[in-house]
Amino acid sequence: MTTAQRPRILVVDDEKIIRSLFRKTLAGKEIELSEATGGTEALTMIGQREFDLVISDIRMPDIDGVDLLREVKKRSPLTEVIMMTGYASEDAAIEAVRLGAYDFLKKPFESMDKVLLVTENALEKQRLQKKNRDLVADLRRKVFELQVLYDLGEKIVDVSGFSQLASLILDSLDKLAPYETAAIVFRGKDEIAGVVKSTHDISADEEESIRNILAQKLSELTKLDAPFERFDIRVCPPERDEPQLSTPRGSDGGVFIPLNKSENVLGLLWIVGEADSDFGPEERCTLELLGDRLATNISRILDERSRQKAANQVLFSANRLLDAQNEELKKVNDELLRANKELEKANSEIKMAQAKLLQQEKMASIGILAAGVAHEINNPIGYIHSNMGTLLKYVDKVSQMFGAYEEVVNAPVSETGESQQTVKAKLEKKKADLRISHVIEDLAALARESAEGTTKVKKIVSDLKNFAHTDDDKKTEADVNEVIETTLNIVWNELKYKTEIVKNYGSLTRVSCYPTQLNQVFMNLLVNAAQAIKEKGKIVITTRMNGDSVVVSVADDGCGIPKENLNKIFDPFFTTKPVGKGTGLGLSVVYDIIQRHQGRIEVKSEVDKGTEFIVSLPVS
């Protein structure tokens, strides 16, 4: 395999050890390896040459890997990209694949054998895509050539003279192989005539030079000493929009195509390529095919044969080539069908991965809010626990009182020798000492308070359970106001210390939706709003109907979003938070969920004044 045929790989990473690992792993492979220390250097290298595969880190000091991925796919869609990082989770892999990456490698690498396998698979996919592109391009070119030859064959049917035939041939020739200068000469029984077309004006000296070139070559082919120098040639420009100026080359340049019929030289075709370019094997084959067909038609004209028969011969040859091309096209189609099946399988896997990403982002959000939810549960549990201690003391006092009553009831008056008044006084004193009246009064309050606490805990746990639940594939109808209230119960601890929640709920039609996904949308919007408020502020939640859509507005009076960031906030991994404080996936997930519901989301923001997110959801 030559250097030009070796796959080109660009490894982009600001860590020297990672680049060294790839050098060692790919050493000895038939691969041309290049390295870049960052996104800026990588883009410069990509602008200078084409790479088959780019392996890039996501987090880099200048341009991050996601932006580099977008730029690579924009410049060269067939270039495969493998992303790698030591910071992002599997969620990042899903987003990278969604943006066009072939695969995702997590650092540190589990096995360099796995890295090598992923690299080889990516190169194989890129090779197949290039092969498919080249096959399609070659097919289109061949179909075009056949069409030109077919059109020429139809037009030749009505040609009756050399000049008309020559002009028609050279016009068609320019479509098949654009030339600087082309000439055709016919040798009849009594005359020799030719036509020349060129991209520049031909002087008298140049015309004489061309005549000599053609005459010399024609003499060599016919092996005759006849003075071919004295024949007329007609010069005319090709039918192009913008002729290019150039100087014709001598007899050593260009391609000569004899026009032979049964070893009889009927003429000569001479063509010089544009800008000193040479003609490749396929172009030469096309020109030879054209020369063969021309010789047939020249013979037809000279022998006054049937024009229709000549056209049929050209058409027969074209059909034979077309049949062969159809077989090749069938092979290409079979390969495309196989590739489509693989793409369908990949799309199915991506959909599953996206669903997994959604659930993982939801569980990550629950993890972030876990401390707050625990605090909200701990408050009612605390006073229930306190109440139970008090209840135990009250039960002891009530037991003592009942014990006193049982002594009186079970002891005969004759044995105690006490009067009824004395017994009653002792019981009243016991009741007062134990504060029984207060105990009985407080028992009801303790029971109500404990019942309220257990109800609150049950509500929080139920909302948390529903929030963590994975939606089924089928939608259900839900009240968006209730969905928002459920979300508020979950995130309340994040909001209550520094925000005032203002609810302006309208009367809403129930929406066909995935409720727990909407929980995640409103949770991200509310938590982001709270985080945008530095000390104390207000969050206003407004719901209303707008035609056949439910509209939800979440507005805060926090720090706002700079204008230059407004068009980036829904991009995966974009975040203005410090490293470790956010994944940059929250609003990206919000956007995807709203799109899944065929809705839309808008944002309005002013720095130091606040931000408003407006979500519109169709009712059905």
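Placed above this text is the structure.
The text that follows walks through the structure, step by step, so that each part is easy to find. Keep in mind that what you see is a predicted model, and the values were worked out from it rather than measured.

Reading the values: the criteria
Residues numbered from 1 in each chain as written. Predicted model: local features only at pLDDT ≥ 70, side-chain atom pairs only at ≥ 80, totals over all residues. Heavy atoms only, no water. Helix = DSSP H or I, 4+ residues; strand = E, 2+ residues; numbered from the N terminus. Buried < 20%, exposed > 50% of the residue type's maximum accessible area, 1.4 Å probe, protein only. Contact = heavy atoms within 4.5 Å. Areas by Shrake-Rupley, 256 points an atom, 1.4 Å probe, with all protein chains shown as cover. Core = buried A, V, L, I, M, F, W, Y, C linked by side-chain atoms within 4.5 Å. Salt bridge = Lys/Arg side-chain N within 4 Å of Asp/Glu carboxyl O. Pairing = 2+ DSSP bridges. Axes fitted to C-alpha atoms, helices over the stretch in contact; angles between N-to-C directions. Right-handed = clockwise from strand over helix to strand, strands pointing away. Phe/Tyr/Trp six-rings, centres within 6.5 Å; stacked < 30°, edge-to-face > 60°.

1. Let's talk about the overall build of the protein
Next, step 1: Tallying secondary structure elements over the protein gives 15 helices and 17 strands in all.
Next, step 2: Across the 620 residues in the protein, those meeting the buried criterion constitute 42%.
Next, step 3: Of the contacts made within the protein by residues no fewer than 6 positions apart, 71% connect residues no fewer than 24 positions apart.
Next, step 4: For the protein, the computed accessible surface area is about 34300 Å², with 51% contributed by carbon and sulfur atoms.

2. What to know about the nonpolar core
Next, step 1: Counting 40 residues, the largest nonpolar core has V480, F522 and I539 as its most contacted members.
Next, step 2: Contributing elements (two or more residues each) for this core: helix 13 (480-495), strand 13 (511-513), helix 14 (515-532), strand 14 (537-546), strand 15 (549-556), helix 15 (586-596) and strand 17 (610-618).
Next, step 3: It is helix 14 that provides the largest number of residues to this core, a total of nine residues.
Next, step 4: Apart from the residues within four sequence positions on either side, V480 is in contact with L508, V511, F522, V550 and V552.

3. Things to note about the pattern of salt bridges
As a working rule, side chains carrying opposite charge can pair if their charged atoms are close by.
Next, step 1: Per the counting criterion, the structure on display carries 19 salt bridges.
Next, step 2: The partner of R75 in a salt bridge is E71, and the shortest N-O contact between them spans 3.0 Å. With a gap of four residues between them, R75 and E71 both fall in helix 3 (residues 65-75), about one helical turn apart.
Next, step 3: Look at R75 and you get partly exposed, because its relative accessible area is 42%.

4. Points about unusual backbone geometry
Next, step 1: In this structure, P108 follows K107 across a cis peptide bond, with omega equal to 0°.
Next, step 2: Checked against the element boundaries, P108 lands in the loop between strand 5 (103-106) and helix 5 (112-156).
Next, step 3: A positive phi angle, near 55°, is found at Q598, a position not held by glycine.
Next, step 4: Unlike most non-glycine residues, D608 shows phi in positive territory, near 70°.
Next, step 5: Following the sequence through the fold, D608 ends up in the loop between strand 16 (600-606) and strand 17.

5. Let's talk about the sheet that holds strand 17
Next, step 1: Taken in spatial order, the five strands line up as 12-14-15-17-16 in an open sheet, and their pairing is mixed. Looking at the sheet topology across the chains shown, the edges are occupied by strand 12 (499-504) and strand 16. Ignoring strand direction, the axes of neighbouring strands in this sheet form an average angle of 15°.
Next, step 2: As defined by bridge partners, strand 16 adjoins strand 17 across seven bridges and the pair is classed as antiparallel. Looking at the pairing, K604 lines up with E612 of strand 17.
Next, step 3: Packed onto the sheet, helix 14 meets strand 12, strand 14, strand 15 and strand 17 and runs at close to 20° relative to strand 15.

6. What to know about the sheet that holds strand 2 (residues 32-36)
Next, step 1: Read from one edge to the other, the open sheet built from five strands follows the order 2-1-3-4-5, with strand pairing classed as parallel. Taken across any chain shown, the strands that pair with only one partner, and hence form the sheet edges, are strand 2 and strand 5. Across this sheet, the average inter-strand angle for adjacent strands is 20°, counted without regard to direction.
Next, step 2: Across five bridges, strand 3 (residues 53-57) lies against strand 4 (residues 80-85) in parallel orientation. Within strand 4, the position partnered with I55 by the bridge is I82.
Next, step 3: Along the sheet, helix 2 (residues 39-48) makes contact with strand 1 (8-12), strand 2 and strand 3, crossing strand 2 at roughly 140°.
Next, step 4: On the sheet, helix 3 packs against strand 1, strand 3 and strand 4 and is oriented at approximately 180° with respect to strand 4.

7. Let's talk about the pairing of strand 1
Next, step 1: The element strand 1 is largely enclosed, with a buried count of four among its five residues.
Next, step 2: Where strand 1 and strand 2 come together, five bridges link them in parallel fashion. Note that in strand 2 the partner of R8 across the bridge is E32.
Next, step 3: In terms of handedness, the path from strand 1 via helix 1 (residues 16-26) over to strand 2 forms a crossover that is right-handed.
Next, step 4: Direction of pairing for strand 1 relative to strand 3: parallel, over a ladder of four bridges. Bridge pairing in strand 3 links L10 to V54.

8. Quick notes on the packing of aromatic side chains
Next, step 1: Throughout the structure, instances matching the rule amount to two aromatic pairs.
Next, step 2: With 5.9 Å between their ring centres and 80° between their planes, F22 and F109 make a pair best called edge-to-face. You can see F22 sitting in helix 1 and its partner F109 sitting in the loop between strand 5 and helix 5, a full 87 residues away along the chain.
Next, step 3: With a centroid separation of 5.5 Å and 40° between ring planes, the pair formed by F570 and Y591 is classed as tilted.

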